[in-house]
Each structure stands twice: as structure tokens, then as C-alpha cells.
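Working through the structure, step by step
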There are 2 protein chains.
Amino acid sequence: MSLRHALLGLLAVRPSTGYELAKEFEGDLGRHAWQAGHTSVYPELNRMAEDGLAEVTAEGARGAKTYTVTETGRTELHRWLMSPPGPTRARNEYVLRMFLISALPHDDALALLEQIAESTGDAAAELRAVREAHPDDGPLLGADGFGQLAAEYGLRQYEAVRDWARWAAERLRDEKPA
Amino acid sequence: MSLRHALLGLLAVRPSTGYELAKEFEGDLGRHAWQAGHTSVYPELNRMAEDGLAEVTAEGARGAKTYTVTETGRTELHRWLMSPPGPTRARNEYVLRMFLISALPHDDALALLEQIAESTGDAAAELRAVREAHPDDGPLLGADGFGQLAAEYGLRQYEAVRDWARWAAERLRDEKPA
DNA sequence: GCGGGCATGTAACTAGTTACATGATTTT
DNA sequence: AAAATCATGTAACTAGTTACATGCCCGC
């Protein structure tokens, strides 16, 4: 039930409507950490309100409901974050693809690794360029921090995958030299 | 429906029983890429056999059924791996925790980041030691390759997270110097 | 002969996705 | 006035988990 904690965390950073929360999952959050559509978000917010973790603190235009985390919710988020995670489960189709490369014949595997190195390298370069353009030293905590933490994580992630793919491609090239 | 492709990939590397396949998900595969219990694996294998992607090629002791990928299955795996992935979805509770750190108060966030840097650093050091001990230059493709690819990915992953946590901790220390 | 690991499965449940549905505001 | 975007929701379905259930084989 991590969706609940994801929403709790987002609300702890800043009160939001379900619509805004759902959009967060389209960025780095959804790409690297947790992903959910608005059809999961709205019912979960209702349940969280029932359970006293969040409450509706404003109603705006178009029936928009702004949720705010309650003290109970904040306590629960703190407890969850500070308690050691059990064996942690992951689902990442992209990583799965990388692992399965060893099931391919040599030439296909090599081509795929080179393609992975290139696309992750491009993604990393792009993110690095964006970061150089805004050397904003805003606070790492709160609303801005969330974005910075996530962006930096994404950048380092792409670089790690790029380097891994380069390593694997090089080993593969040595293995069967034409 | 990535479980199907995960199983297809594992079977393409080496014919296995459902039991063996289920165990694979307890290692690096389940930790970083895809995770499933035996109760998902057995029904899916049956469905894959029905769909002609795999077949039972041996029956051993204790009712063990060894599945082998068919030519159709191998073609499908190849098609899937070589076709560009759409926007890829990820679910990783550990990463989610990292992103939500910005919802914590300064001191808790710093303590947690330091703890993450330490535990991922330890994990990386351990994996690196194991690798130094076995500098096996076995082939990167096929059964061994799968393990090597996954192990190397895991190692680089832990190092990337360790470095990210160190970066974040350092920024946080500067932000509010006691 | 007994305990642990091998080996398979079903049933009930939970979480999340896709498709459908509606309507209000803002921008062009 | 139309299009885009904001904003919320329900229903049917799919995927995966937890709990339950069974039994065989091997080492001690």
C-alpha cells in the first residue's frame, strides 16, 4: 500500500487537489519511484480522509477539493520513512529488459546495449544541461526539494545505466571479436 | 504483462521448472527488475504453454515439470526486446522513500540520508568484494551472463544511490549549519 | 522415520488499469 | 464558439498477493 504513502508524502510537502497529485506521477516520481493514474488517486484520497490521514481544507472551482495532511497523517508518514524498510519489492520493465539481454544472440545483444547506452546518455546530457541552466540553490526540503531530489536521482540513474551498458557492450565486444 | 516476458527470458537462457523460475525472483531479478511469487508463476506457465510460447519437455521427481521455450516463444521474446519500449512504468518502494525525504524536518532528513548512504555503501562494498574474489570472465550471454549482468547492475545501482545520498546529505548540511 | 526443502496448485482478496462518463473554467 | 485543460468520479477488468492445501524426495 505504497500509494497511500506516496500521497501522504506529497501532501506533507504541500496541500493539493487529487488532480495535481495525479499529475505528479507523470514526472520523475512516476518514472522512477511510483506510478498511479487519477482513477487510483481519487478513491485513495477518499479512504485517507475516512481514516483521518488527510482532510479537505478548501473547495475551489470545478468541484476541486484541496486535501491537507492531518497531524495523524504526518505522524504515520514519519513512522513509515524512519522505520527500516523490509525486503523491498521492485517492478521496472526497463530494468527487466536489460537483464534479459543475455537471452539474445551476440549481435542483437550488442546492438541493444549500444542503443541503451546512447539513449540513457542522451537523457543524462539533457538533464545535466537543464541543471546547468538553473543552478538554483533553493532549499532541499519542502516543495522545491522534492523536485530537486528527484531530478538529481534521475540524472544519476541514467548515468549509471549508461555506464553499465557501456561496460557490458565492451565485455561483449571482447568476447567474440568479429 | 511483463511477467510473461520475464519467464520467457529466463526460459530462453535455460529450461527450468516453475519452482526454479520462482526462486530467480528472490535474487537480483526480484530486487531490481521484476518480482513475482510462485503463485503467479505456475498459472502463467500453464497459460504460456496453452499459447504455444513454452512447452513441458521433461517431468522429473515430485511432479516437477521442466518447461522449455518454443520457437514461437523465442521469436516473441526477440520482438519484445528489440522493439522500443513505450513510456516505462516503475514501482520501487525504496526509491519512493528517497523521494519523500523532502517531506521530513531537516534533522530527520539528514539522518535518513546518512543511513541510506551507509547501507547502500555497505551493500556495494560487499558486492564488489564478491566480484573481486571471482574474477570469472565467463561469457556474458546465456545462463552465466544473466547473473553477471544482474550483479553488475545491482552493484552500480547501489553505488549510484550511495553517491546520490551523499550529495543530498552534503547539500542539506550546508543549508542549515547547526 | 522425520525434518527440510522441492514441487505444484487453488481461492479469496487487494491493488491498480482501462474504458467510460460528466461537467466547469480558461484560453484562443 | 471551440478547444484545451481542469476536475472528479464509477465499473469492469487484469495482475499479483496472501493464505491455504497437498504431497514427494533426500539427507541425517
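Residues numbered from 1 in each chain as written. Chains lettered and ligands numbered in written order. Predicted model: local features only at pLDDT ≥ 70, side-chain atom pairs only at ≥ 80, totals over all residues. Heavy atoms only, no water.

Attention now moves to a positive patch on the surface. Together, Arg89 and Arg91 of chain A together with Arg89 and Arg91 of chain B make up a positively charged patch on the protein surface. Within the element layout of this structure, Arg89 of chain B appears in the loop between helix H5 (71-82) and strand E4 (90-92). (Patch = residues over 30% accessible without salt bridge, like charges linked within 9 Å, V, L, I, M, F, W, Y side chains within 5 Å. Areas by Shrake-Rupley, 256 points an atom, 1.4 Å probe, with all protein chains shown as cover. Salt bridge = Lys/Arg side-chain N within 4 Å of Asp/Glu carboxyl O. Lys, Arg positive; Asp, Glu negative; His and termini not counted. Charge placed at Lys NZ, Arg CZ, Asp CG, Glu CD. Helix = DSSP H or I, 4+ residues; strand = E, 2+ residues; numbered from the N terminus.)

Residues and elements named next belong to chain B. Taken in spatial order, the 3 strands make up an open sheet running E1-E3-E2, and their pairing is antiparallel. The outermost strands of the open sheet, each flanked by one partner alone, are strand E1 (16-17) and strand E2 (54-59). Sheet analysis places E2 next to strand E3 (residues 65-69), joined by 5 bridges and oriented antiparallel. Bridging from a neighbouring strand, Glu59 pairs with Lys65 of E3. (Pairing = 2+ DSSP bridges.)

Turning our eyes to something else, we now look at the relation of the copies chain B and chain A. To go from the first copy of the chain to the second, apply a rotation about an axis and then a shift along the same axis. Screw-axis analysis of chain B against chain A gives a translation of 0.0 Å along the axis, an RMSD of 0.1 Å, and a rotation angle of 180 degrees. Such a combination of turn and shift is consistent with a two-fold rotation axis. Closest to the rotation axis within chain B is the C-alpha of Arg91 of chain B, separated from it by 2.5 Å. When the interface residues of chain B are mapped onto chain A, 100% of them are again interface residues, pointing to one common binding face. (Least-squares fit on C-alpha atoms with pLDDT ≥ 70 in both. Contact = heavy atoms within 4.5 Å.)

We now examine the sheet that holds strand E1 (residues 16-17) of chain A. All names here are of chain A. With antiparallel pairing, 3 strands are arranged side by side in an open sheet as E1-E3-E2. Across the chains shown, the open sheet's two edge strands, defined by having one partner strand only, are E1 and strand E2 (54-59). In this sheet, strand E3 (residues 65-69) lies alongside E1 in antiparallel orientation, the contact comprising 2 bridges. Across the sheet, the residue bridging to Ser16 is Tyr67, located in E3. Contacting E2 and E3, helix H4 (residues 38-50) crosses the sheet at an angle of about 50 degrees to E3. (Axes fitted to C-alpha atoms, helices over the stretch in contact; angles between N-to-C directions.)

For the rest of this paragraph, the subject is helix H4 (residues 38-50) of chain B. With 13 residues, H4 of chain B extends 19 Å from end C-alpha to end C-alpha; this agrees with the ideal 18 Å at 1.5 Å per step. At its buried positions, H4 of chain B is contacted by helix H1 (2-13), helix H2 (18-24), E2 and E3 of chain B. (Expected span 1.5 Å × (residues − 1).)

Right, let's talk about the domain arrangement of chain A for a bit. All names here are of chain A. According to the domain assignment, chain A contains domain 1 (2-82) and domain 2 (93-175). Each of domain 1 and domain 2 has a C-alpha centre, and these two points are 29 Å apart. Listed as interface residues are 8 residues of domain 1 and, on the opposing side, 9 residues of domain 2. Note on domain 1 versus domain 2: buried area summed over both sides is about 630 Å², and carbon and sulfur give 73% of it. (Domains from an automatic or database assignment. Buried area = accessible area lost by both parts, 1.4 Å probe.)

Attention now goes to the protein's contact with DNA strand C. Among the 23 residues in the neighbourhood of DNA strand C, the closest are listed as Ser40 of chain A together with Tyr19, Thr39, Lys65 and Arg91 of chain B. In DNA strand C, the atoms that sit within 4 Å of the protein are 64% sugar and phosphate, with bases accounting for the remainder. In this structure, a phosphate oxygen belonging to DNA strand C sits 3.4 Å away from a main-chain N or O atom of Gly18 of chain B. Between Tyr42 of chain B and DNA strand C, the recorded distance is 2.9 Å, taken from a side-chain N or O atom to a phosphate oxygen. Secondary-structure elements contributing two or more residues to the surface near DNA strand C are H4 of chain A together with H2 and H4 of chain B. Here the surface near DNA strand C gets 4 residues from one element, more than from any other, and that element is H4 of chain B. Classifying every residue of the surface near DNA strand C gives 8 nonpolar, 10 polar and 5 charged. (Near = heavy atom within 4 Å. Polar contact = N/O pair within 3.5 Å; in protein donor to acceptor, adjacent residues only side chain to side chain. Nonpolar A, V, L, I, M, F, W, Y, C, P; charged D, E, K, R; others polar.)

Looking now at the packing of aromatic side chains. Aromatic rings considered in pairs are described by the distance between their centres and by the relative angle of their planes. With the rule as written, the count across this model stands at 6 aromatic pairs over all chains. Judged by centre distance (6.2 Å) and plane angle (85 degrees), the rings of Phe99 of chain A and Phe146 of chain B are edge-to-face. On the criterion of chain membership, the pair formed by Phe99 of chain A in helix H6 (residues 93-99) and Phe146 of chain B in helix H8 (residues 142-175) is interchain, its members lying in two chains. Per residue, the accessibility class of Phe99 of chain A equals that of Phe146 of chain B, and both read buried. Here Trp164 of chain A and Tyr153 of chain B contribute two aromatic rings whose centre-to-centre distance is 5.8 Å and whose plane-to-plane angle is 90 degrees, an arrangement assigned as edge-to-face. One end of the pair, Trp164 of chain A, is in helix H8 (residues 142-175); the other, Tyr153 of chain B, is in helix H8, on a second chain. In terms of burial, Trp164 of chain A and Tyr153 of chain B fall into one category: buried. Here the aromatic residues Phe99 and Trp164 of chain A together with Phe146 and Tyr153 of chain B are joined through ring pairs into a cluster of three or more. Arg97 of chain A extends its terminal NZ or CZ atom over the ring of Trp80 of chain B, reaching a point 4.3 Å from the ring centre. (Phe/Tyr/Trp six-rings, centres within 6.5 Å; stacked < 30°, edge-to-face > 60°. Buried < 20%, exposed > 50% of the residue type's maximum accessible area, 1.4 Å probe, protein only. Lys NZ or Arg CZ within 6 Å of the ring centre and 35° of its normal.)

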